[in-house]
Amino acid sequence: MPKRNDLKSILVIGSGPIVIGQACEFDYSGTQACRVLREEGYRVILANSNPATIMTDPGTADATYVEPLTAEVIEAIIIKERPDALLPTLGGQTALNLTMELVELGILERHGVEVIGANPVAIATAEDREQFKHAMEEIGLEVPISDFAHSLDEAMVIAKRIGYPIIIRPSYILGGAGTGIAHDDVAMARLAQEGLDASPITEILVEQSIAGWKEFELEVMRDQADNCVVVCSIENFDPMGVHTGDSITVAPAQTLSDVEYQEMRDDAFACLRRVGVETGGSNVQFAVDPKTGRRLVIEMNPRVSRSSALASKATGFPIAKIAARLAVGYRLDEITNDITKATPASFEPSIDYVVTKIPRWAFEKLPGAEARLGTRMQSVGEVMAIGRTFPESLQKALRSLEQGRHGLNADPAEGDLDRMSEEELDQAISIAAPDRIFAVEAGLRRGRSVERMVELTGIDPWFLDQMERISVARVALSEQRARSVSGEAVLGELGRVGLRRLKRLGFSDVQLGYLLGCDPATIRATRKALGVLPTFKTVDTCAAEFPAETPYHYSTYEEEDEVRPSPRPRVVILGSGPNRIGQGIEFDYCCVHASMALRAAGYEVVMINCNPETVSTDYDTSDRLYFEPLTYEDVSNVLEAETKAAGVDGSLVGVIVALGGQTPLKLAGQLDPSLILGTSPASIEAAEDRAHWSAICERLSISQPPGGTAVTAEQAVAVAKRVGYPVLVRPSYVLGGRAMEIVYDEAGLERAMSRLLGSDEGSPVGGVLARDGGVSDDRPVLIDRFLEDATEVDVDAVRDAAGEIVIAGIMEHVEEAGVHSGDSACTLPTQTLGASTLSTIRSHAAALAEDLSVVGLLNVQFAVKDGDVFVLEANPRASRTVPFVAKATGIAWAMIAARVMVGTTLETLREEGLLPRVIELPRHVSVKEAVMPFNRFPGVDTLLGPEMRSTGEVMGVDVNFGLAFMKSQMAAGSALPSSGTVFFSVADRDKAQGLEVAKLFVELGFDLAATFGTAGFLRSNGIDVAQLVAKIGEEAMATDAISLINSGGIQLVINTPRGYGPRADGIHIRTAALVNAVPCLTTLAAARAAALGIAAAKDQPLVVRSLQSLNGPVA
Amino acid sequence: MTIRELGHLVLADGAVFEGEVAGFLRDEPATGEVVFNTSMTGYQEILTDPSYAGQIVVFTTAHLGNYGTSPVDDESSKVWCRGTVLGDLADRPSNFRSTRGLPQFAMDEQLPILASVDTRRLTRHLREHGALPGAFGPQPIEVLLEAAKREVGTDNMDLASVVSTKTAYELDGGPFRIVVLDFGVKTTMLRQLQDLGHLIVVPASTSAEEIRSLSPDGLFLSNGPGDPAALTTPVDTVGSLLGELPIFGICLGHQLLSRVLGATTYKLPFGHHGGNHPVVDLSTGHVEITSQNHNYAVDDGSMGRALVTHRNLNDGVVEGVAAEALRAFSVQYHPEAGPGPHDARYLFDRFSNLLNGANHA
């Protein structure tokens, strides 16, 4: 069946901001889908609120709407663009839910838009647990014993009937939000209520818990001719009970016999057919009782999912691309396999390696959240590693996480485990937590049998046995070292065969050095001398049965290397590794743009990265992809392989380290400096080194807040005495404001230093920075005077090797300095800065770029207070704001930077048309807003501060700041109200400004509610307060804020405690707002912006605009 | 961690692969025609499949032995292949079905193993150079090379007679009487056929007269090892019964039926061995994922009276033929699975329809 010709244009809905449970895997799938549909000749209309995506590049779709993902907005887009069809299966749960809403509201029918890829009935059957359960029972598949509850009472009755333990799952949610396991009535009541609240239809599934069973997933595709294939089987290392997004997972499934596997495959197809997925990819999850093999269907997703991105990267089978083709009528056998270019897509990949995925969590950034894993997904990113054995892929994955670990223990960080008593270790082994895997190895090493470990963990004995191989090998090596005179002597004894056995188990040179007491460089040199060299194999979908045309490589220690020689000049781009708070999709965007720009300029581009969610690890993005950890050893291996492949005729032009965030920058110092493209490592260091940096600012006469450095609490106090409180305390060399704090007095400073140095009770050895390198003379703590109520300004600029500088964008933050720039909303163009201030900012940025000899991107942060401009920091690398600036200005800055880094001048880029001759300030206003993960972490305060905690961002675009800000809030999921009651609670020092903001809301027709103190102040200034609110503990006098929020009496919360304000109350108020989804603004600046937005929206209807219409087709 | 003795696999063309010796150790090197199989599950079924007689099976999947072995998964009474070459061998199994780990199974079944081999390099080599004779063991490389060169391979070899049952036996089953000509029949195949009828499994050398005397409703031609061109007697037998009885053939049985219908067979460079080959049913256009294990195939250019019904979508190889008027059909792949997907089990229904007296399958 050929493609459908009755369709001309297709609307694709993206997944919006990066949130836990829905990350950049949907940028990868969405981008693939848009490209494929355009290739097929369809006009593609895209809606996605996330500017940091490749998907929203104006070149990816014909009309790109960076607009809030709400039914109202989509209808406006439909009216404007008149698409024939809507493809909802590539934008995650967001797109699926939004599509169902459009169907229910009759919007699609009204405008004659056909849903392709999944029909609404199928979506409902899969998504509605009750319907799904009945459907599965109908075809004879077992599902866990369960029933649905729509109220707490109903839930408790069902729980009595099923018996504990019980798992609670809300209907229509993503990533398992609101899911939990209850062991008794008390927990049951709490979790059931949370679940009912989380579900948009107030429905929860109360289910028999099968925690401890094995968990599997099959990634399945079906075409309209009913051809079905399994793309990949995935087995969870962690048993049922840990959300699959928080589990270590392995592909292919390892412990199923063919009999069991084929039955599971039959079940998966039966499930797809019954649910009615006519075309596309789905995943089906199973639980298997390890004692009997009894198999239950847990759930299925009738769309491309996080697992399908992993499966695509794990097999080389591009699920999203193929799903898009199937949606427009193709059959699997009419689509060619991308990798072999010869065989059809109607087959099942055979893989001859093992893939391990490990999630990455961010508990260290979320004080108050318990680092314990369960059925609610909490990880913010993941890594994937490929090896020829499970031990090899596991150790590679562990060192890919970039958490200071070099594999499965056998590194200095294992000391914490060695100090544990047996009881403590048993405890660490039995609780599912981010670091449990290390405790499991320690437990095996200390002599616990595999059988005992199965009892403690529920992990399948096969995985434990494989881990034990790693343990046994390292113990043997240590013993050999103890018997020998030196580590070098042991290396000699091991010889080629012994060393290769260890490398095949995935040991890194650092681990071997640790065990042998040698420098890793010695290990590397000996290894090379013995001929124990990595070989690069190819991910080819077919276990080498057919030649692979697409070079997608991973390393292992075998006999044959498959990297093909080619004489073209090549550039290696180091990616940004796992997504984490502070380093996410924005950096992947930059790496992808660099690849596109350099390929277009004739370079052969090589990408190294280990994050399976990203566009950069799509084998189509670069000429060659190496799926490898971003460590010195692994990166050096690739560089050596590429140098060899370049041969005498070719050349390795260099390595780009400045676009992937801190990950590649940390490596830059260890690599051959002559290979680093763009700004030199010395300049990068100069900007980071305190003394150096201050000297530069002084030389250039650029003011900076007074400050100094400290490695002890005494030194810190001395600095603070000199500069005056409040001070900003921050470690050097971290991204995302890691462990950054504002302190208002000496006691606060001492507490902050104890936490950083690890002398605080309960803090880890080495302090909260243990994993980031700790505190030392080389990495001191920076103490700076904190400028209160200053406006923060972010500048991105590009300088070429000839010395020309262009300013890419100047952004004004909505929140004042002190809120991490990544968590702050910002606007481009700026709104309140005068011409002379802007001119000062421009000249400062230019002077710094010149002085640091920047070649490529530079980001400078300024604080403007009372008209004075202070520089806060400069980073000669790509910043988080680059994609936003590119979308707001319509200029592809990351591409320009990449070209500049290989020596092209800005003038040449103007001639090529990549850079406009004249850069005009955009006529529209773009506002970026951060999206926070607090709904996943109920115990965490939502107050914004200097430590970044947002997971993603959205952009609102409109003709003025107010409207753009409104859209940004709507896109972030906290649409501002147009009327109702605003609850006001501001700290004393904010009261003067609060008055002005309160007036604005009253003028807009809002009622005010306030605590006694605030109300008295407002009333005495002539502002009417409609409702008095009690503080906690004063309930007798009036309703307290929490009850008021819970009862729906508040439409907007403005709460600004800072320093020693009403903190205890504040956290409860903010939590109540969060739970009830009431927008909550924690700064007056944001409140002022909200008032402007609400005012602007009052006299203007919603208008949607495509990026192409705003900026023209460039970028 | 088991530290094993080093060993090598040497192919007749001189290529050398390093590995570690495991499983059953013979005095002499293990020799045979080296073929690779890309199935990710089902190693026990493959090792006990009589079609691998005379061959050394290379598994491309990374780990082998993870889920152990279980007597119910045996495809015949013993291991027929001459040895196996693999990546990582699991010392201990993990599966509730397992009664023996693979290393123990290999010891008991006298199966030599070469583990920790760069099986991907080996697979790529075989893909480039075709299936080759080879030898492995702890012996010096020169000794292995000599052994590899002495190995004759499967060309013109009647291996079916070696693996076939020596005496006829019966298996209870459904309403029909089916004679199974055993060239190396797999247990799963027999199980599928038992759903249709009472089976009389007879040796490969059984004559048409003898078969007639069993008064069957249908004739089934099983899978088996070796070169179909070497099997002249069975071709005569089948030729004599063609048109008289409904006939269904699988794998070697398919090649024999095709030869009877006038087609010729040839040897593929490295065969099809795996569980993921797409085959299109030309009558419905439906694609099925199939289990395959064959080195020889039916030549497209010389179909005689046979009509091509199925094709491999990877390389266009003939995967099924039929002679409707003669009530005979066959497929090259393994609809019974064991191991592999169940997509093609409908073919047993087609045979059932023929047995029922329907004019066409």
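Residues numbered from 1 in each chain as written. Chains lettered and ligands numbered in written order. Predicted model: local features only at pLDDT ≥ 70, side-chain atom pairs only at ≥ 80, totals over all residues.

Digging into the overall build of chain B
Link 1 in the chain: Tallying secondary structure elements over chain B gives 10 helices and 19 strands in all.
Link 2 in the chain: Relative to its length of 361 residues, chain B is compact, with a C-alpha radius of gyration of 20 Å against a globular reference of 21 Å.
Link 3 in the chain: By principal-axis analysis of the C-alpha atoms, chain B measures approximately 60 × 45 × 40 Å.
Link 4 in the chain: Long-range contacts, defined here as pairs at least 24 residues apart, represent 74% of the contacts in chain B between residues at least 6 apart. (Helix = DSSP H or I, 4+ residues; strand = E, 2+ residues; numbered from the N terminus. Rg over C-alpha atoms; globule rule 2.2 N^0.38 Å. Contact = placed C-beta atoms within 7 Å.)

Some details on the packing of helix H18 (residues 487-504) of chain A against helix H20 (residues 520-530) of chain A
All names here are of chain A.
Link 1 in the chain: At a minimum axis distance of 10 Å, the contact between H18 and H20 shows a crossing angle of 45°. When the axis of H18 is compared with that of H20, the two are oblique. As H18 runs across H20, the sense of the crossing is right-handed. Contacts between H18 and H20 involve Glu488, Leu491, Gly495, Arg496 and Leu499 on the former and, on the latter, Thr522, Thr526, Arg527 and Leu530.
Link 2 in the chain: By residue class, the composition of the contact of H18 with H20 is three nonpolar, three polar and three charged. (Axes fitted to C-alpha atoms, helices over the stretch in contact; angles between N-to-C directions. Parallel < 35°, antiparallel > 145°, perpendicular 65-115°, else oblique. Left-handed = near helix turned anticlockwise from the far one by under 90°. Nonpolar A, V, L, I, M, F, W, Y, C, P; charged D, E, K, R; others polar.)

Overview of the packing of helix H12 (residues 390-400) of chain A against helix H17 (residues 461-483) of chain A
Residues and elements named next belong to chain A.
Link 1 in the chain: Close contact between H12 and H17 brings their axes to 9 Å; oriented N to C, the two are set at 75°. As the angle between them shows, H12 and H17 are arranged roughly perpendicular. The residues of H17 that touch H12, namely those facing Phe390, Pro391 and Gln395, are Gln466, Arg469 and Ile470.
Link 2 in the chain: By residue class, the composition of the contact of H12 with H17 is three nonpolar, two polar and one charged.

Concerning the nonpolar core
Link 1 in the chain: Within the largest apolar cluster, 461 residues are counted, with the highest numbers of intra-cluster contacts made by Ile656(A), Trp893(A) and Ala894(A).
Link 2 in the chain: Considering each element in turn, this core owes the most residues, 10 residues, to helix H21 (residues 585-600) of chain A.
Link 3 in the chain: Of the domains in this structure, domain 1 (5-150) and domain 2 (160-359) of chain B are the two that each give at least three residues to this core.
Link 4 in the chain: When near neighbours in sequence (up to four residues on either side) are disregarded, Ile656(A) contacts Val571(A), Ile573(A), Leu574(A), Ala594(A), Leu677(A), Gly678(A), Ala898(A) and Met901(A).
Link 5 in the chain: Grouped together as the second largest cluster of nonpolar side chains are 15 residues, Ala149(A), Ala182(A), Met188(A) and Ala192(A) included. (Core = buried A, V, L, I, M, F, W, Y, C linked by C-beta atoms within 7 Å. Buried ≥ 20, exposed ≤ 12 C-beta atoms within 10 Å, placed from the backbone. Domains from an automatic or database assignment.)

Let's talk about the interface of chain B and chain A
Link 1 in the chain: Chain B puts 44 residues into the contact, and the matching count from chain A is 50 residues.
Link 2 in the chain: For the side of chain B that touches chain A, the elements supplying multiple residues, two or more each, are strand S2 (16-23), helix H3 (119-129), strand S15 (265-281) and strand S16 (287-298) of chain B.
Link 3 in the chain: For the side of chain B that touches chain A, the leading source of residues is H3(B), giving six residues.
Link 4 in the chain: Taken together, the residues of the side of chain B that touches chain A break down into 15 nonpolar, 18 polar and 11 charged.

Description of the sheet that holds strand S4 (residues 55-59) of chain B
All names here are of chain B.
Link 1 in the chain: Spatially, the seven strands close up into a barrel ordered S1-S2-S8-S6-S4-S3-S9, and their pairing is mixed. Averaged over all pairs of adjacent strands, the angle between their axes in this sheet comes to 35°, without regard to strand direction.
Link 2 in the chain: Relative to strand S9 (residues 132-137), strand S3 (residues 30-37) runs antiparallel, the two sharing five bridges. Residue Glu33 lies in a different strand from S9, and its bridge partner there is Pro133. (Pairing = 2+ DSSP bridges.)

Looking at the domain arrangement of chain B
Residues and elements named next belong to chain B.
Link 1 in the chain: Domain assignment breaks chain B into domain 1 (5-150) and domain 2 (160-359).
Link 2 in the chain: Distance from the C-alpha centre of domain 1 to the C-alpha centre of domain 2: 27 Å.
Link 3 in the chain: Listed as interface residues are 23 residues of domain 1 and, on the opposing side, 23 residues of domain 2.
Link 4 in the chain: Listing elements by their share of the side of domain 1 that touches domain 2, those giving two or more residues are S3, helix H1 (43-47) and H3.

Some remarks on the sheet that holds strand S10 (residues 214-222) of chain A
Residue and element names in this part refer to chain A.
Link 1 in the chain: Across the sheet, seven strands lie side by side as S14-S13-S10-S11-S12-S15-S16; this open sheet has antiparallel pairing. The outermost strands of the open sheet, each flanked by one partner alone, are strand S14 (295-301) and strand S16 (381-387). On average, adjacent strands in this sheet sit at an angle of 25° to one another, irrespective of strand direction.
Link 2 in the chain: Lying on the sheet, H12 is in contact with strand S12 (249-251), strand S15 (354-360) and S16; it crosses S16 at an angle near 145°.

Describing the environment of Val202(B)
Residue and element names in this part refer to chain B.
Link 1 in the chain: By secondary structure assignment, the location of Val202 is in strand S12 (residues 197-203).
Link 2 in the chain: We classify Val202 as buried; it has 24 C-beta atoms within 10 Å.
Link 3 in the chain: The spacing of Val202 and Tyr169 is 33 residues in sequence and 6.7 Å in space, taken between C-alpha atoms.
Link 4 in the chain: Ignoring anything within four residues of it in the chain, the contact list for Val202 reads Ala168, Val179, Val180, Leu181, Asp182 and Ile211.

Re helix H14 (residues 422-430) of chain A
All names here are of chain A.
Link 1 in the chain: Within the sequence span of H14, burial applies to Leu425, Ala428 and Ile429. Taken down its axis, H14 places every buried residue within 100° of arc, on the same side. Exposed residues on H14 whose side chains face more than 90 degrees from its buried face are Glu423 and Glu424.
Link 2 in the chain: Those residues of H14 hidden inside the fold are in contact with helix H13 (415-418), helix H15 (436-445) and helix H16 (450-457). (Arc of directions from axis to C-beta.)

Quick look at the pairing of strand S17 (residues 535-538) of chain A
All names here are of chain A.
Link 1 in the chain: Of the two faces of S17, both are covered, the one formed by Thr535 and Lys537 as well as the one formed by Phe536 and Thr538.
Link 2 in the chain: The sheet contact formed by S17 and strand S18 (residues 552-556) spans four bridges and is antiparallel. The partner of Phe536 across the bridge, within S18, is Ser555.

Things to note about the environment of Tyr632(A)
Residue and element names in this part refer to chain A.
Link 1 in the chain: Structurally, Tyr632 is set in helix H22 (residues 632-646).
Link 2 in the chain: For Tyr632, a count of 19 C-beta atoms within 10 Å translates into the label partly exposed.
Link 3 in the chain: Each C-alpha atom of the pair Tyr632 and Ile13 lies 39 Å from the other, and the pair is 619 residues apart in sequence.
Link 4 in the chain: Not counting chain neighbours up to four residues away, the residues in contact with Tyr632 comprise Leu667 and Gln670.

Structural notes on the confidence of the model for chain B
Link 1 in the chain: Chain-level statistics for chain B give a pLDDT mean of 95 and a share of 98% at 70 or above.
Link 2 in the chain: Overall fold confidence for the complex sits at a pTM of 0.94, while the interface term, ipTM, reaches 0.97. (pLDDT = per-residue confidence, 0-100.)

Notes on helix H4 (residues 141-150) of chain B
Residues and elements named next belong to chain B.
Link 1 in the chain: Burial in H4 covers these residues: Leu144, Leu145, Ala147 and Ala148. Buried positions in H4, seen along its axis, are confined to an arc of 165° and lie on one side of it. In H4, the exposed positions that point more than 90 degrees away from the buried face belong to Glu142 and Arg150.
Link 2 in the chain: Looking at the packing, one finds that the buried side of H4 touches strand S1 (6-11), S3 and S9.

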